[in-house]
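Okay, here's what each chain looks like letter by letter:
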Amino acid sequence: MPMTQGTFSFLPDLTDEQIRAQVKYCFDNGWAVNIEYTDDPHPRNTYWEMWDLPMFDLADPAGVITELEACKKVFPNHYIRISAFDSTAGWESLRISFIVNRPKEEPGYHLERNETHGRTVQYTLRPYATQKPAGQRY
Amino acid sequence: MAFSMHAPVQARPEERRQALDDIDLPEGELPGSLAEIYEKSGIPEVFARLDRDLIGLAPVKGRVREIASLLIVDKVRRQLGLTAEPPTLHMSFTGNPGTGKTTVAMRMAQILHQLGYIRTDRLVAVTRDDMVGQYIGHTAPKTKEILKRAMGGVLFIDEAYYLFRPENERDYGAEAIEILLQIMENQRDDLVVVVAGYADKMAKFFTANPGFRSRVAHHIDFPDYGAAELLEIGELMLARQNYRFDAKARAAFADYVKIRMNQPHFANARSIRNALDRARMRQAIRLFQEKDKPLTKESLTTIQEGEIRQSRVFRGGIEGWPEGVPDAQGAGQPGMEK
Ligand SMILES: Nc1ncnc2c1ncn2[C@@H]1O[C@H](COP(=O)(O)OP(=O)(O)OP(=O)(O)O)[C@@H](O)[C@H]1O
Ligand SMILES: [Mg+2]
């Protein structure tokens, strides 16, 4: 089951052309663009690794695409996302984030129901992939 | 996004006009004539501006026109489905100090953008220090950073030969060159590289780095300016700063140029600019000495003969150089007059 998160997550994966257009949009707005990767697809996982440094003084998406290709070469089977940070006062936070690469096979999630006092149920989501140690997951 | 407290409105950088891409040729149909496309493209304007802003430089302007022709023909061919690799446009500018290499390179980004060959009119100007690191592992990220910033536009490497220091075999310059060569070859449609420098050093650099030479398609040589051109450049520079010569000052400056251009350490248009800066200074001093006179726009904008004739050049010296040094042949390096 493909993991989804971020902008356009309900659409099919973005094509290279669409990724370019998104990055261009980010630069046109003056945002800094980051490339991040992980092999832990849990929705609450906020600690993705950064690939290289944030890119904020670029005029054209080509620089980001070059880095993305380099990142894919090293982590072809990881999740990779692009995010953009808006540093203007009042925002100072991420404005956009979208997946640009995913493992070939995504085993999905195990949903654990934990019955506690009364009839209350607590839910735990566990990616099957994270049963294996980091680095051996996909 | 409705939850922002005060979302700043950010102006999106205005999309610039890409002359060539504005012309819509009907798919698969042959346009009337190249002249027709050329007229419609807005490129004549670009050249008119180039002619207006830069005096002389005929061979350079000629080469730029040739490149434009190539790009126009290429565009028409593509419209007809006659595909070919996009032409390589990496360039090398050689010439003496102050001949306008840097100025033209800065223009190149605008021109190529107008011609629709590059996606932005950004030009990133760098020298060795921006690309080459100081310790192991420092160079590659530095160079890549620069390359990424320049992508979509033009990377201008001034005095490119300093990248390469053959006398030091541990020099990291070679690493920067290697990365650069890779991008120049593999991402030709992402980046145009322009290198500039003095002809002799550039020739040595290319001999030592044949890979570099073969990737540079256009070698353009910047000739020294003649006396008449230098005078014209001087007047243009003055006009841009809202000054002008009066008739006598003009004649004096013509004399000045003739003497100065045959002295050592002459840096073409840059020497002219420096001379004018000094003339402006003397004008200000004169205005102060006559400070009781009523000011007019006329007096504030006019450079008089005295401002030129005061120059040490008329007494056998060189301006901008300490007394005594001037005649020492080759004591300074070209370009030192900056
Ligand atoms: N043809 C020209 N018309 C008008 N101004 C010019 C022309 N050529 C050069 N200049 C002016 O002369 C000055 C020096 O030019 P520039 O810096 O381009 O020279 P350069 O060839 O790069 O010199 P260097 O090799 O020493 O770096 C600039 O201020 C530029 O505007
Ligand atoms: Mg220069």
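This is a predicted model, so every value here is computed, not measured. (Residues numbered from 1 in each chain as written. Chains lettered and ligands numbered in written order. Predicted model: local features only at pLDDT ≥ 70, side-chain atom pairs only at ≥ 80, totals over all residues. Heavy atoms only, no water.)

J.: Before we go on, may I ask you to explain the domain arrangement of chain B in this structure?
T.: Interfaces are frequently sized by the accessible area removed from exposure as the parts join. Residue and element names in this part refer to chain B. Under the domain assignment, chain B is made up of domain 1 (13-220) and domain 2 (227-315). The interface is formed by nine residues belonging to domain 1 together with nine residues belonging to domain 2. With both sides pooled, the region where domain 1 packs onto domain 2 buries about 640 Å², and carbon together with sulfur makes up 56% of that total. For the pair domain 1 and domain 2, the number of links is zero salt bridges. Our enumeration of links across domain 1 and domain 2 arrives at three residue pairs in polar contact (both at pLDDT 80 or more). Residues that form the side of domain 1 that touches domain 2 fall into these classes: three nonpolar, four polar and two charged. (Domains from an automatic or database assignment. Contact = heavy atoms within 4.5 Å. Buried area = accessible area lost by both parts, 1.4 Å probe. Salt bridge = Lys/Arg side-chain N within 4 Å of Asp/Glu carboxyl O. Polar contact = N/O pair within 3.5 Å; in protein donor to acceptor, adjacent residues only side chain to side chain. Nonpolar A, V, L, I, M, F, W, Y, C, P; charged D, E, K, R; others polar.)

J.: Quick question: what am I supposed to make of the sheet that holds strand E3 (residues 79-86) of chain A here?
T.: In a beta sheet, neighbouring strands are held together by backbone hydrogen bonds and run either parallel or antiparallel to one another. All names here are of chain A. Strand order across the open sheet formed by four strands is E2-E1-E3-E4, with antiparallel pairing between neighbours. Looking along the sheet, the strands with just one partner apiece sit at the ends: strand E2 (49-55) and strand E4 (93-101). Strand-to-strand twist in this sheet, taken as the mean axis angle between neighbours without regard to direction, amounts to 20 degrees. Sheet topology note: the strand E1 (residues 32-38)/E3 ladder contains seven bridges and is antiparallel. Bridging from a neighbouring strand, Thr38 pairs with Tyr79 of E3. Across the sheet, helix H2 (residues 62-74) lies against E1, E2, E3 and E4, angled at about 165 degrees from E2, the strand it touches most. (Pairing = 2+ DSSP bridges. Helix = DSSP H or I, 4+ residues; strand = E, 2+ residues; numbered from the N terminus. Axes fitted to C-alpha atoms, helices over the stretch in contact; angles between N-to-C directions.)

J.: Hey, could you run me through the packing of aromatic side chains in this one?
T.: Tallied over the entire structure, the rule returns 13 aromatic pairs over all chains. Between Tyr37 of chain A and Phe75 of chain A the ring centres are 4.1 Å apart and the planes differ by 20 degrees, which places this aromatic pair in the stacked class. On the criterion of sequence distance, the pair formed by Tyr37 of chain A in strand E1 and Phe75 of chain A in the loop between H2 and E3 is long-range, its members being 38 residues apart. In this structure Tyr37 of chain A comes out as buried when scored by relative accessible area, which is 14%. The exposure class of Phe75 of chain A is buried, given its relative accessible area of 18%. Judged by centre distance (6.3 Å) and plane angle (90 degrees), the rings of Trp51 of chain A and Phe75 of chain A are edge-to-face. One end of the pair, Trp51 of chain A, is in strand E2; the other, Phe75 of chain A, is in the loop between H2 and E3, and 24 residues separate them in sequence. Judged by relative accessible area, which is 16%, Trp51 of chain A ranks as buried. These aromatic residues form a ring-pair network of at least three members: Phe245, Phe253, Tyr256 and Phe314 of chain B. Positioned above the aromatic ring of Trp48 of chain A is the side chain of Arg81 of chain A, whose terminal nitrogen or guanidinium carbon lies 4.0 Å from the ring centre. The side chain of Arg65 of chain B reaches across the aromatic face of Phe47 of chain B, ending 4.6 Å from its centre. (Phe/Tyr/Trp six-rings, centres within 6.5 Å; stacked < 30°, edge-to-face > 60°. Buried < 20%, exposed > 50% of the residue type's maximum accessible area, 1.4 Å probe, protein only. Lys NZ or Arg CZ within 6 Å of the ring centre and 35° of its normal.)

J.: Even after reading the chapter, I still don't get the layout of surface pockets, so can you show me in this structure?
T.: Any empty space left between atoms is shown by rolling a water-sized probe over those atoms. All names here are of chain B. Taken as a whole, the largest pocket spans an internal volume of roughly 620 Å³. In terms of lining, the largest pocket is formed by 26 residues, of which the most central are Gly98, Gly100, Thr103, Ala269 and Arg273. Every element with two or more residues in the lining of the largest pocket is listed here: helix H5 (101-114), helix H11 (227-240) and helix H13 (268-289). Grouping the amino acids of the lining of the largest pocket by side-chain chemistry returns ten nonpolar, seven polar and nine charged. Lining the lining of the largest pocket are residues from two domains, each supplying at least three of them: domain 1 (13-220) and domain 2 (227-315). (1 Å grid on protein atoms, 1.4 Å probe; cavity = no way out; pocket = protein on both sides within 12 Å on 5 of 7 lines; lining within 4 Å. Points joined across faces, edges and corners; volume = space filled by probe spheres on them.)

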